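A structural walkthrough
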Amino acid sequence: MTEQPPAPSAPKPGDLLALAVATARAAADLVRERAAGVVEVAATKSTATDVVTQADRDTEALIRRLISQQRPEDAFFGEEGEETTGTSGVRWIVDPIDGTVNFLYGLPRYAVSIAAEYAGEVVAGAVVDVAAGTLYAAFRQPDGSAAAVRDGEPVTVRPPAELGQRLIATGFSYDAGLRRIQAEALVRFLPVVRDVRRIGSAALDICGVAEGTLDGYLEEGLHLWDHAAACLVAEAAGARWEATTGVGGRRFVVVAPAHGFDDLRKAAVQAGFLPVESLPGVVPD
């Protein structure tokens with residue numbers, strides 16, 4: 001009888017975070033270097049306005065290389081390259097430049113986002129605000145708890161506030177039909193909150209909830225790589241989050257301090273971002 005190879009041991013989330021942080025910092029250095037030169041569109045994706053730069057591609061290639069040098073048996077799921085499988089149970093979820101249009105236009109709000117998933121759960125995440133150099137990071141302890149830091153210092157969500165006193169961030173799809181749905185819902189949503197911001201990087205928006213510079217975030221049309229790392233940071237800072245399906249049929253993510261999550265989600269339903277019959281559920285990657 002042929003002996004089966006031993007199952008790989010569970011990784012230490014702290015070790016995965018250390019690799020995510022080191023890799024994200026190196027990637028941010030490359031993005032910063034490219035931002036100092038001429039940035040041009042290399043290709044488009046879903047629409048003519050959904051752009052990719054050569055810096056996106058080169059940065060993801062660097063991230064893949066640095067991680068695979070340390071952990072060659074891991075899987076990889078990135079925005080700009082082919083998904084690869086692995087044998088370790090670990091999958092890296094990467095957005096090399098979250099906020100590519102900001103990067104293209106020279107607006108200093110874009111990030112490198114790297115998350116490590118084990119057995120279907122994100123256990124480590126690092127987000128670097130490239131222009132500011134700020135690092136947001138978190139990893140999950142064996143007991144399931146987690147703590148979030150910004151440049152090594154603990155962060156926490158904002159204290160409770162009435163819905164009308166909350167500053168909420170959002171974003172808009174590159175698809176014209178979904179953008180129309182979002183705009184119509186926004187007209188109904190704006191009167192019930194303090195104000196709405198459109199910053200241009202989902203990862204930085206969600207980290208804003210974690211550090212208390214925003215009261216919440218919601219958007220339809222995200223991919224897992226847009227929010228995987230940042231949602232762990234937000235959760236570790238005291239937020240609740242959900243990925244479900246919006247009225248346009250795409251992945252809808254809502255993030256808010258745990259004490260205000262239900263109110264924000266209800267407002268999203270009433271405004272028309274989410275269907276009335278919506279229930280929490282798992283959506284495809």
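These lines cover the structure that appears in this document, whether it is placed above or below. (Residues numbered from 1 in each chain as written. Predicted model: local features only at pLDDT ≥ 70, side-chain atom pairs only at ≥ 80, totals over all residues. Heavy atoms only, no water.)

Side note on the pairing of strand 7 (residues 134-140)
As a reminder, the rule being used: Exposed residues in this analysis have more than 50% of their type's maximum accessible area, buried residues have under 20%, and partly exposed residues fall in between, with area computed by a 1.4 Å probe over protein chains only. Helical segments are the DSSP runs of H or I of at least four residues, strand segments are the runs of E of at least two, and each set is numbered from the N terminus. Two strands pair if DSSP finds at least two bridges between them.
Across the seven residues that make up strand 7, a large majority, six, are buried. Pairing of strand 6 (residues 121-129) with strand 7, which is carried by six bridges, proceeds in the antiparallel orientation. Bridging across to strand 7, Gly 125 finds its partner in Ala 138. The antiparallel hairpin formed by strand 6 and strand 7 contains four residues in its connecting segment, where Gly 133 sits at a positive phi of about 80 degrees. With five bridges joining them, strand 7 and strand 8 (residues 146-150) adopt antiparallel strand pairing.

Side note on the environment of Pro 13
Which entries qualify depends on this criterion: In what follows, residue pairs with any heavy atoms lying within 4.5 Å of each other are defined as contacts.
With respect to the secondary-structure elements, Pro 13 resides in helix 1 (residues 13-35). Judged by its relative accessible area of 18%, Pro 13 falls in the buried class. Measuring from C-alpha to C-alpha, the distance between Pro 13 and Phe 139 comes to 5.9 Å, with 126 residues separating the pair along the chain. Every residue in contact with Pro 13, bar those within four places of it in the chain, is listed here: Val 123, Ala 124, Phe 139 and Arg 140.

Some words on the state of the cysteines
Counted only if it meets this: The rule for a disulfide is simple: a pair of cysteine sulfur atoms within 2.5 Å.
If you walk through the whole model with that rule in mind, you get zero disulfides. With no disulfide of its own, Cys 207 lies closest to Cys 231 among cysteine sulfurs, the gap being 9.1 Å. Of the residues examined, Cys 207 reaches a relative accessible area of 0% and is grouped as buried. Judged by its relative accessible area of 1%, Cys 231 falls in the buried class.

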